[in-house]
Amino acid sequence: MDTRILNLTPLRYLCPYCGEWHEWTGKHLGNYDSKYNCIELPCLREKKLAEDAKYSENVLIRNIDTTSFYFTSSHCYILTTRLCCYAAISEKLSIAISEMQESISEPIVTFRRELRTYYHLSNPAADGSCSRCHFGDHCNPKKLGIEAHDCDISIPFGFEFDWAEYKENSEVGNALRTPEEIETALREYGANLLQKEQNLQEREAAIVAREEAVKEKEDALLDRETILAAQEQAIARCLCGSQLCSNFQEKQENT
């Protein structure tokens, strides 16, 4: 990741607990530079579900989990609360900024960390607790554990930025096109295709016109050839008739 991105304020962040994008409510990334000066971001999906379920019976409502971020010049540090005893997330993670991946199609930066969850299909205790948990159907570690059929999972984190700021502060982003630019390019591409189609139609019409002109000439030549052939036949008949008359006269004279 380009370190200039640390000067940007994200629009959204990818929550590791529910796997959804939530609104970023803080300042630019580089503003948070130590564990004493970090941003704490709650799982908004978990918070909403807890509010909806607080009057429900036989539902386990846990504390709302948070993800905290802070940055140095070389690393991003992530502090997470322990989701539960089954879908556990390590309390402290880190990644080199150079390892964070900039998207080539969107203004986002993502990275993954390998974690261990104690939820898996062969653990009936986990399944029983999850079925009563208000967050069970939206738990990202649980979902990833089921998909992987393993306790070891790779959980994603990420940040989404404004298109214009991302393009200005990232070499990868500078090569991206905004939705407006893509739409303009698509319109131009469509207009070019339409123009090419019109040009082809005009060329086809010109070819048809030339073919018709050639056909007319061929027909005219054929008509002339027919007329000439008829004239030649008429002349031949005349000549033949004259010859017969001459022969008849000669016979008359001889007799």
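Everything numeric in this text was worked out from a predicted model, so none of it was measured.

Asker: Kindly report on the overall build of the chain, identifying the contributing residues and their values.
Answerer: On a plain count of helices and strands, the chain comes out with six helices and nine strands. A buried classification covers 32% of the 255 residues belonging to the chain. Taking the intrachain contacts of the chain between residues at least 6 apart in sequence as the baseline, contacts between residues at least 24 apart amount to 60%. Total accessible area on the chain stands at roughly 16300 Å², and carbon and sulfur atoms take up 51% of it.

Asker: Hey, could you go over the sheet that holds strand β4 (residues 66–71) for me, with residue numbers and the actual values?
Answerer: Reading across from one edge, β3-β4-β5-β6 is the order of the four strands in this open sheet, with antiparallel pairing throughout. Each end of this open sheet is capped by a strand with a single partner; those strands are β3 (39–42) and β6 (92–96). The sheet shows a mean angle of 20° between the axes of neighbouring strands, direction not considered. Inspection of the sheet shows strand β5 (residues 75–80) paired to β6 by five bridges, in the antiparallel sense. From the neighbouring strand, tyrosine 77 faces β6, where its bridge partner is serine 94.

Asker: Talk me through the environment of threonine 67; I want residue IDs and the actual numbers.
Answerer: Residue placement: threonine 67 occurs in strand β4. Along the backbone, threonine 67 and leucine 41 are 26 residues apart, and their C-alpha atoms lie at a distance of 5.2 Å. Dropping the residues within four chain positions of it, threonine 67 is found in contact with Pro16, Tyr17, Ile39, Glu40, Leu41, Ile78, Leu79, Thr80 and Phe157.

Asker: Any details on the pattern of salt bridges? Residues and values, ideally.
Answerer: All chains considered together, the criterion is met by five salt bridges. Between glutamate 160 and arginine 12 there is a salt bridge, and its shortest N-O distance comes to 2.5 Å. Linking glutamate 160 in strand β9 (residues 152–160) with arginine 12 in strand β1 (residues 12–14), this pair joins segments that are 148 residues apart in sequence. Given the relative accessible area of 33%, arginine 12 is considered partly exposed. Of the charged contacts, one joins glutamate 20 and arginine 45 as a salt bridge, the two residues approaching to 3.1 Å between their closest N and O atoms.

Asker: Got a sec to walk through the pairing of β5? Specific residues and values, please.
Answerer: Side chains Cys76, Ile78 and Thr80 project from β5 onto a buried face, and the interleaved His75, Tyr77 and Leu79 project onto a face without burial. As judged from the five bridges shared by β4 and β5, these two strands associate in the antiparallel manner. Paired with tyrosine 70 across the bridge in β5 is tyrosine 77. Hairpin connection from β4 to β5: three residues lie between these consecutive antiparallel strands.

Asker: Go over the confidence of the model for the chain, please, and point to the residues and values.
Answerer: Any region with low pLDDT has predicted coordinates that should not be read closely. For the chain, the average pLDDT comes to 79, and 76% of its residues sit at 70 or higher. Ranking the helices and strands of the chain by mean pLDDT puts β1 first, with 93, and helix α2 (residues 124–132) last, with 63.

Asker: Tell me what's going on with the environment of aspartate 2, and back it up with residues and numbers.
Answerer: Looking at where aspartate 2 falls in the secondary structure, it is placed in the segment before β1. For the pair aspartate 2 and glutamine 101, spaced 99 residues apart in sequence, the C-alpha to C-alpha distance is 9.4 Å. Separated by 2.9 Å, the side chains of aspartate 2 and arginine 4 make a polar contact.

Asker: Got a sec to walk through the nonpolar core? Specific residues and values, please.
Answerer: In a soluble, globular protein the nonpolar side chains are often hidden away together inside. In terms of nonpolar packing, the biggest core is built from 37 residues, with Phe69, Met100, Phe111 and Phe159 touching the most fellow members. Looking at this core, the elements with two or more residues in it are β3, β4, β5, β6, β8 (108–116) and β9. Considering every element that reaches this core, the biggest residue donor is β9, with four residues. In contact with phenylalanine 69, not counting residues within four places along its chain, are Tyr32, Cys38, Ile39, Leu41, Cys76, Tyr77, Ile78, Phe111, Phe157 and Phe159.

Asker: Tell me what's going on with the packing of aromatic side chains, and back it up with residues and numbers.
Answerer: A full pass over the atoms with the stated rule returns nine aromatic pairs. Measuring from ring centre to ring centre gives 5.0 Å for tyrosine 70 and tyrosine 77, while their planes differ by 15°; the resulting arrangement is stacked. Note on tyrosine 70: relative accessible area 7%, which makes it buried. Joined through ring pairs, the aromatic side chains of Tyr13, Trp24, Tyr32, Phe69, Phe71, Phe111, Phe157 and Phe159 make up one cluster.

Asker: How would you sum up the pairing of β4? Please name residues and give values.
Answerer: In terms of burial, β4 is a largely internal element, six of the six residues being buried. With burial as the criterion, each face of β4 is covered, one bearing Thr66, Ser68 and Tyr70 and the other bearing Thr67, Phe69 and Phe71. With four bridges connecting them, β3 and β4 associate as antiparallel partners. Counted as the bridge partner of isoleucine 39 is phenylalanine 69 from β4.

The rules behind the values
- Residues numbered from 1 in each chain as written.
- Predicted model: local features only at pLDDT ≥ 70, side-chain atom pairs only at ≥ 80, totals over all residues.
- Heavy atoms only, no water.
- Helix = DSSP H or I, 4+ residues; strand = E, 2+ residues; numbered from the N terminus.
- Buried < 20%, exposed > 50% of the residue type's maximum accessible area, 1.4 Å probe, protein only.
- Contact = heavy atoms within 4.5 Å.
- Areas by Shrake-Rupley, 256 points an atom, 1.4 Å probe, with all protein chains shown as cover.
- Pairing = 2+ DSSP bridges.
- Axes fitted to C-alpha atoms, helices over the stretch in contact; angles between N-to-C directions.
- Salt bridge = Lys/Arg side-chain N within 4 Å of Asp/Glu carboxyl O.
- pLDDT = per-residue confidence, 0-100.
- Polar contact = N/O pair within 3.5 Å; in protein donor to acceptor, adjacent residues only side chain to side chain.
- Core = buried A, V, L, I, M, F, W, Y, C linked by side-chain atoms within 4.5 Å.
- Phe/Tyr/Trp six-rings, centres within 6.5 Å; stacked < 30°, edge-to-face > 60°.

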